[in-house]
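An overview of the molecular structure
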Amino acid sequence: MNNLLNSINKTLLMGPGPSSVSPEVYTALHKPTIGHLDPKFLKIMDHIKIMLRTLLKTDNELTLPISGTGSAAMEACFVNLIEPPDSILIIENGYFGLRMIDMATRLNENVDTMKFEWGKVIDINMINDKLKQKKYNIVAVVHAETSTGVLNPIAEIAKLIPDDTLFIVDAVTSFGTVDINVDKWNIDAIYSCSQKGLSCPPGASPISFSDRAIYKLKNRKSKVPNWYLDLSMIINYWGGNSRVYHHTAPINMMYALYQGLCNVIEEGHDNVISRHLEAHKNLKLKLDALGISFLVDEKYRIPSLNSVIIPEGINDLVVRSTLLNDYNIEIGGGLGPLAGKIWRIGLMGHTARKENIDKLISALSIIL
Ligand SMILES: *Cc1c(COP(=O)(O)O)cnc(C)c1O
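Residues numbered from 1 in each chain as written. Predicted model: local features only at pLDDT ≥ 70, side-chain atom pairs only at ≥ 80, totals over all residues. Heavy atoms only, no water.

Moving on: unusual backbone geometry. Between Gly17 and Pro18 the backbone carries a cis peptide bond, its omega angle lying at 0 degrees. Note on placement: Pro18 falls in the loop between strand E1 (12-13) and helix H1 (23-29). The omega torsion of the bond from Pro84 to Pro85 falls at 5 degrees, within 30 degrees of zero and hence cis. Considering the arrangement of structural elements, one finds Pro85 in the loop between helix H3 (70-81) and strand E3 (88-92). The phi dihedral of Lys57 is positive, around 55 degrees, even though this residue is not glycine. With respect to the helices and strands, Lys57 occurs in the loop between helix H2 (39-56) and strand E2 (62-67). The phi torsion at Ser199 lies on the positive side, around 55 degrees, for a residue other than glycine. Tracing the backbone shows Ser199 in the loop between strand E9 (189-191) and strand E10 (204-209). On the basis of relative accessibility, which here comes to 2%, the residue Ser199 falls in the buried class. (Helix = DSSP H or I, 4+ residues; strand = E, 2+ residues; numbered from the N terminus. Buried < 20%, exposed > 50% of the residue type's maximum accessible area, 1.4 Å probe, protein only.)

Take a look at the structure:
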């Protein structure tokens, strides 16, 4: 039988995720699978929690990876913290903001939205006005909106959130690529993924809950409406003295996450963040030379996700499929209203290196 896996080539992943998996993470994935209650595995779990706290800059006890991708972690925040009749505000300026609205409205009828143009940063003054007009139990926003390349000003929004309102932040693309300070920014629930800044395969997604978020979870009147993501049960497996089985942790994915986190800590968190910024500047310089410009205003660009305008007369699909088929390089297209209008060039995690930018630019210049 022809094994389809034989057709898989190494692809340079320069899209919106997944990013290219680092060699150390492949080595980690290859380690033998052990039991999910094996003391050696429990030690790995403990270290994953410690490293997540360090990189998220938080003392939050409830900091752990969800078994699933970023959307599962997003859902974990929403199902655990929303209890009708909460009043919820979701600030939206892209595709992942829309996903938040979709998830929240499935759980609760009372969801207000503030919508901003895709590709533009959210307007802090309008949010200030809104929060003065009405009291919310929960406010949620995306930090790095991967669909547009906009980095929303979380630190500034955080200052506007009242003390008794829970603040939920999507850090799926920002974690491991730009600075995040959970405790200083008073974030109550934050989530990310493994396959973007951490350069692991998709499947293990960090979350962190503040004490206020845990208080809300523990004082719910109704059960969390989703069994798999119910953190009040999951914490009994990820913490405490007697670990209680909830679901079988994806063991090898946790090895990968462990190694991805070790990589960031060994390189130095600040060094990793500046490597992303340097890569972004380097890419910009070379795109300038090709006459390719950015969608987003310079001040609000995500270094790890560069959304650029497709030059006039160029066929989006032809360029992307040529890159993939002839050069083994993947970049992303636009979503929703930006489909066919932009390319999304990811410089996430292990991918964010000069030699990868050179490969992309030389291929792009030939194709164009
Ligand atoms: C990728 C992404 C998600 C979804 O993560 P999955 O791992 O694809 O489920 C959510 N939010 C943002 C901002 C993302 O970039």
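Close to the ligand lie 14 residues, the nearest being Thr69, Ser71, Thr146, Asp170 and Lys196. Residue Asp170 places a side-chain N or O atom 2.7 Å away from a nitrogen atom belonging to the ligand. Side-chain polar atom of Thr173 to an oxygen atom of the ligand: 3.1 Å apart, as the coordinates give it. Considered on its own, the ligand offers 380 Å² of accessible surface; in the complex 89% of this is hidden by protein. Every element with two or more residues in the shell around the ligand is listed here: H3 and helix H4 (95-107). With 3 residues, H3 is the single largest residue contributor to the shell around the ligand. For the shell around the ligand, the class distribution of residues is 5 nonpolar, 6 polar and 3 charged. (Near = heavy atom within 4 Å. Polar contact = N/O pair within 3.5 Å; in protein donor to acceptor, adjacent residues only side chain to side chain. Areas by Shrake-Rupley, 256 points an atom, 1.4 Å probe, with all protein chains shown as cover. Nonpolar A, V, L, I, M, F, W, Y, C, P; charged D, E, K, R; others polar.)

For the rest of this paragraph, the subject is the domain arrangement of the protein. Accessible area lost upon the coming together of the parts serves often as the stated size of an interface. Domain boundaries in the protein define domain 1 (10-18 + 269-367) and domain 2 (23-265). Inter-centroid distance (C-alpha atoms) of domain 1 to domain 2 is 26 Å. Contacts between the two partners involve 26 residues from domain 1 and, on the opposite side, 24 residues from domain 2. Taken over both partners, the interface formed by domain 1 and domain 2 buries close to 2,100 Å², and the fraction arising from carbon and sulfur atoms is 69%. Among the residues of domain 1 in contact with domain 2, His269, Tyr300 and Ile302 are the three that bury the most area, contributing 28% of the side total. Where domain 1 touches domain 2, the interface holds 6 residue pairs in polar contact (both at pLDDT 80 or more). Where the side of domain 1 that touches domain 2 is concerned, the elements lending two or more residues are helix H10 (269-289), strand E11 (305-309) and strand E14 (342-346). Among the elements that take part in the side of domain 1 that touches domain 2, H10 stands out by supplying 4 residues, more than any other. Residues of the side of domain 1 that touches domain 2, tallied by class, amount to 15 nonpolar, 9 polar and 2 charged. (Domains from an automatic or database assignment. Contact = heavy atoms within 4.5 Å. Buried area = accessible area lost by both parts, 1.4 Å probe.)

The subject of this paragraph is the sheet that holds E9. With mixed pairing, the 7 strands of this open sheet are ordered in space as E2-E10-E9-E8-E5-E3-E4. What marks the edges here is a single partner per strand, and that holds for E2 and strand E4 (111-115). Recorded for the sheet is a direction-independent mean angle of 15 degrees between the axes of neighbouring strands. (Pairing = 2+ DSSP bridges. Axes fitted to C-alpha atoms, helices over the stretch in contact; angles between N-to-C directions.)

Now for the sheet that holds E11. With antiparallel pairing, 3 strands are arranged side by side in an open sheet as E11-E14-E13. What marks the edges here is a single partner per strand, and that holds for E11 and strand E13 (332-333). One ladder, built from 5 bridges, connects E11 with E14; its direction is antiparallel. Bridge pairing in E14 links Ser307 to Arg344.

Take the nonpolar core next. The biggest cluster of nonpolar side chains holds 88 residues, and the ones touching the most others in it are Ile66, Phe167, Ile207 and Phe209. Ranked by the residues each element gives to this core, the list is headed by helix H9 (residues 251-267), at 9 residues. Here Phe209 is in contact with Asn60, Leu62, Ala76, Cys77, Asn80, Leu81, Asp188, Ala189, Ile214 and Leu231, once residues within four sequence places are set aside. Ranked by size, the runner-up nonpolar core spans 22 residues in total, among them Met14, Ile310, Ile331 and Leu364. (Core = buried A, V, L, I, M, F, W, Y, C linked by side-chain atoms within 4.5 Å.)

A word on the environment of Lys359. With respect to the element layout, Lys359 can be found in helix H12 (residues 354-367). Owing to a relative accessible area of 47%, Lys359 belongs among the partly exposed residues under this scheme. Once residues lying within four places of it in the same chain are set aside, the contact partners of Lys359 are Leu12 and Ile329.

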